[in-house]
Amino acid sequence: MDFDLIVRGGTLDGRIADIGISGETIAAIEPNLPGTARSEIDAHGNLVSPPFVDPHFHMDATLSYGLPRINASGTLLEGISLWGELKPLLTHEAVRDRALAYCDWAVSMGLLAIRTHVDVCDDRLLAVEALLDVKKTIAPYIDLQLVAFPQDGFYRSPSARDNTLRALDMGVDVVGGIPHFERTMADGARSVTELCEIAAKRGLMVDLHCDETDDPLSRHIEQLACETQRLGLHGKVVGSHLTSMHSMDNYYVSKLLPLIAEAGVSAIPNPLINIMLQGRHDTFPKRRGLTRVKEMQALGIRVGWGQDCVLDPWYSLGTADMLDVAFMGLHVAQMSSPADMARCFDMVTNVNASIMGLDHLGLAVGKRASLVVLDAGNPIEALRLRAERICVIARGKVVAERTKQETRLSIGGRPPLVNRRHIAT
Ligand code: FE2
């Protein structure tokens, strides 16, 4: 046998090629690959993609929708207080089991790398321990990064500072924060400085919930870019959400965006959640809850799409499908050109992997053999259909397969089966 597994005839980056897999690694990519394998997957006519990657999630809260009650106002702030009611009731087992159930959904959707924030404002650090367990359990098929996230404020919550450091000592990967939730703008700015210093000292990445508000004067992203520059953290820092930017003065933004680009700070908007949460104080016109995506990309700033929430105090829907996330982002950011639509697919695969520093992912010889076969001909069709994941391969092993779903019509005189795939002729 030349390979352990061959994926035959799939469409990759617009070309048709076979992928030969040896062990956990992509060993060859070429058309009509010679050789044999223990097993083969027929991907003719189907898009083969790198795995989906979610760079912003809350796995400690997922699948808790309705516990202990529903978010009646639908706002971010009620979500935070509702989560505060649930936190003392959490158990290690409940957090672990909900997270593992979610990870099963993720695998079925070809979502094989996730960065999750984990709340450290519970002195028990129970969720940190539970998610560190989960990380070990799912390591054979999902890359999980944890972010130490002081949900109630790094300074505003009395023990959050100590707990953040404890969580990092326990093995949490990334430094988190929430400057717009501190008591004052000054405290928020100070928290950005200290969190970046902690990361620089420990050689860690930074990912802050930053300016997730409709207040145009929430400008902590400016401080984040400044500290990134000062401490030489280029490429290791993320500003998540950045929703205040949609309301900022245009002249100010014309100065701000070059600072973000110069510092190499990446941005992760979360379109499903912020189109739902933001603008709740507006009458009409009502603001969109999304940062300036195309404008940042035009300056070379890395922008990914994050999912943020599934069935939790902030969001009542969700299926672990990054195509849903990209689909919503595409609409809200008006990324309708063919190049922009293709870019949206790239954002939930390659760009998100790059932001998380996952250099081993991607469809190239020598990369890890983790990939997805989709029931679509190209990335834009995959977005339009939120295409079925026919086969998911993680580290060289098939971890999920789905049979094609078909709808049989009975309307007479027409073909009996609906096929929503379409190639213009
Ligand atoms: Fe978040």
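Residues numbered from 1 in each chain as written. Predicted model: local features only at pLDDT ≥ 70, side-chain atom pairs only at ≥ 80, totals over all residues. Heavy atoms only, no water.

Undergrad: Could you give an account of the overall build of the chain, naming the residues involved and the relevant values?
TA: Per the secondary structure count, the chain includes twelve helices and 17 strands. Over its C-alpha trace the chain gives a radius of gyration of 22 Å, about what one expects of a compact globule, namely 22 Å for 425 residues. For the chain, buried positions account for 56% of its 425 residues. Nonlocal contacts in the chain, meaning residues at least 24 apart in sequence, comprise 77% of its contacts between residues at least 6 apart. (Helix = DSSP H or I, 4+ residues; strand = E, 2+ residues; numbered from the N terminus. Rg over C-alpha atoms; globule rule 2.2 N^0.38 Å. Buried < 20%, exposed > 50% of the residue type's maximum accessible area, 1.4 Å probe, protein only. Contact = heavy atoms within 4.5 Å.)

Undergrad: Describe the pairing of strand E9 (residues 174-177), with residues and values.
TA: Covered by surrounding structure in E9 are Val174 and Gly176 together with Val175 and Gly177, the residues of both alternating faces. As paired elements, strand E8 (residues 143-149) and E9 share two bridges and run parallel to each other. If you follow Val147 over to E9, its bridge partner there is Val174. Traced from E8 through helix H4 (residues 160-170) to E9, the parallel crossover comes out right-handed. In the sheet, E9 pairs with strand E10 (residues 205-210) via four bridges, with the strands oriented parallel. Across the sheet, residue Gly176 finds its bridge partner in E10, namely Asp207. Handedness of the crossover joining E9 and E10 through helix H5 (residues 185-202): right-handed. (Pairing = 2+ DSSP bridges. Right-handed = clockwise from strand over helix to strand, strands pointing away.)

Undergrad: Tell me about the sheet that holds E8, and please be specific about residues and values.
TA: The parallel open sheet is built from seven strands, whose spatial order is E6-E7-E8-E9-E10-E11-E12. Edge positions in the sheet fall to strand E6 (52-57) and strand E12 (266-268), since each has one partner strand and no second. If you compare each strand with its neighbour and ignore which way they point, the axes differ by 20° on average. Alignment of strand E11 (residues 237-241) against E12, held across three bridges, turns out to be parallel. (Axes fitted to C-alpha atoms, helices over the stretch in contact; angles between N-to-C directions.)

Undergrad: So what's going on with the packing of helix H6 (residues 220-231) against helix H7 (residues 250-263)? Which residues, and what values?
TA: Close contact between H6 and H7 brings their axes to 9 Å; oriented N to C, the two are set at 30°. Viewed along their axes, H6 and H7 form a crossing whose handedness is left-handed. In this structure, H6 contributes Ile221, Glu222, Ala225, Thr228 and Gln229 to the contact, and H7 contributes Tyr252, Lys255, Leu256, Leu259, Ile260, Glu262 and Ala263. (Left-handed = near helix turned anticlockwise from the far one by under 90°.)

Undergrad: How would you sum up the nonpolar core? Please name residues and give values.
TA: Formed by 109 residues in total, the largest nonpolar core has its most connected members in Met59, Leu224 and Trp305. At eight residues, helix H3 (residues 126-138) tops the list of elements feeding residues into this core. Inspection of this core shows a minimum of three residues originating in each of domain 1 (2-50 + 362-409) and domain 2 (52-355). Residues within four places of Leu224 in sequence aside, it is in contact with Val192, Cys196, Val206, Leu208, Cys210, Val237, Val238, Gly239 and Val265. (Core = buried A, V, L, I, M, F, W, Y, C linked by side-chain atoms within 4.5 Å. Domains from an automatic or database assignment.)

Undergrad: Report on the coordination of the iron ion, specifying residues and quantitative values.
TA: Six octahedral donors around a metal ideally make angles of 90 or 180 degrees; four tetrahedral donors ideally make 109.5 degrees. The iron ion binds to the protein through His56 (NE2), His58 (NE2), His209 (NE2) and Asp308 (OD), with metal-donor distances spanning 2.2 to 2.4 Å. Here the iron ion is ringed by four donor atoms whose angles at the metal span 85 to 176°, and the overall shape comes out irregular. Every donor residue of the iron ion comes from the same chain, spaced as H-x1-H-x150-H-x98-D. One end of the pair, His209, is in strand E10; the other, Asp308, is in the loop between helix H9 (293-298) and helix H10 (322-332), with 99 residues separating them in the sequence. (Donors = N, O, S within 2.8 Å, 3.2 Å for Na, K, Ca; no water. Tetrahedral: all angles 85-135°; square planar, octahedral: opposite > 155°, others 65-115°.)

Undergrad: Give me the lowdown on the packing of H4 against H5, citing residues and values where you can.
TA: Their axes nearest at 12 Å, the elements H4 and H5 cross at an angle of 25°. With respect to their mutual orientation, H4 and H5 come out roughly parallel. Regarding H4 and H5, the two cross each other, and that crossing is right-handed. Residues Arg161, Leu165, Leu168 and Asp169 of H4 form the contact with H5, whose own contacting residues are Glu194, Ile198 and Arg202. (Parallel < 35°, antiparallel > 145°, perpendicular 65-115°, else oblique.)

Undergrad: Explain the domain arrangement of the chain to me, using residue names and the numbers behind them.
TA: As far as domains go, the chain holds domain 1 (2-50 + 362-409) and domain 2 (52-355). Listed per partner, the contact involves 23 residues of domain 1 and 23 residues of domain 2. Carbon and sulfur atoms supply 68% of the area that domain 1 and domain 2 bury against each other, a total of about 1,700 Å² over both sides. For domain 1, the biggest contributors to the area lost against domain 2 are Leu383, Arg386 and Arg389; these three give 35% of the whole. For the interface between domain 1 and domain 2, the tally reads three salt bridges. (Buried area = accessible area lost by both parts, 1.4 Å probe. Salt bridge = Lys/Arg side-chain N within 4 Å of Asp/Glu carboxyl O.)

Undergrad: Please provide a residue-by-residue account of the packing of aromatic side chains, values included.
TA: Evaluated as defined, the whole model comprises five aromatic pairs. On the basis of an interplanar angle of 70° and a centroid distance of 5.7 Å, the ring pair of Phe52 and Phe345 is categorised as edge-to-face. Within this pair, whereas Phe52 is found in strand E6, its partner Phe345 is found in helix H11 (residues 338-355), the two being separated by 293 residues in sequence. Judged by centre distance (5.1 Å) and plane angle (55°), the rings of Phe154 and Tyr155 are tilted. Each member of the pair, Phe154 as well as Tyr155, is classed as buried. (Phe/Tyr/Trp six-rings, centres within 6.5 Å; stacked < 30°, edge-to-face > 60°.)

Undergrad: Please set out the side chain of Asp54 residue by residue, giving values where relevant.
TA: Relative to the helices and strands, Asp54 resides in strand E6. What Asp54 contacts, discounting residues up to four positions off in sequence, is Leu111, Ala113, Ile114, Arg115, Gly306, Gln307, Asp308, Met322 and Met356.

Undergrad: Account for a nonpolar patch on the surface, naming residues and giving values.
TA: Residues Ile275, Met276 and Leu317 make up a contiguous nonpolar surface patch of roughly 230 Å² in combined accessible area. Relative to the helices and strands, Leu317 is located in the loop between H9 and H10. (Patch = residues over 30% accessible without salt bridge, like charges linked within 9 Å, V, L, I, M, F, W, Y side chains within 5 Å. Areas by Shrake-Rupley, 256 points an atom, 1.4 Å probe, with all protein chains shown as cover.)

Undergrad: Outline the pattern of salt bridges, listing residues and values.
TA: In the structure shown here, the tally under the stated rule is 25 salt bridges. Residues Glu24 and Arg395 are paired through a salt bridge, measuring 3.0 Å at the closest nitrogen-oxygen approach. One end of the pair, Glu24, is in the loop between strand E2 (15-22) and strand E3 (25-30); the other, Arg395, is in the loop between strand E14 (389-394) and strand E15 (397-401), and 371 residues separate them in sequence. Close ionic contact of Arg190 with Asp187 constitutes a salt bridge, the shortest N to O distance being 3.2 Å.

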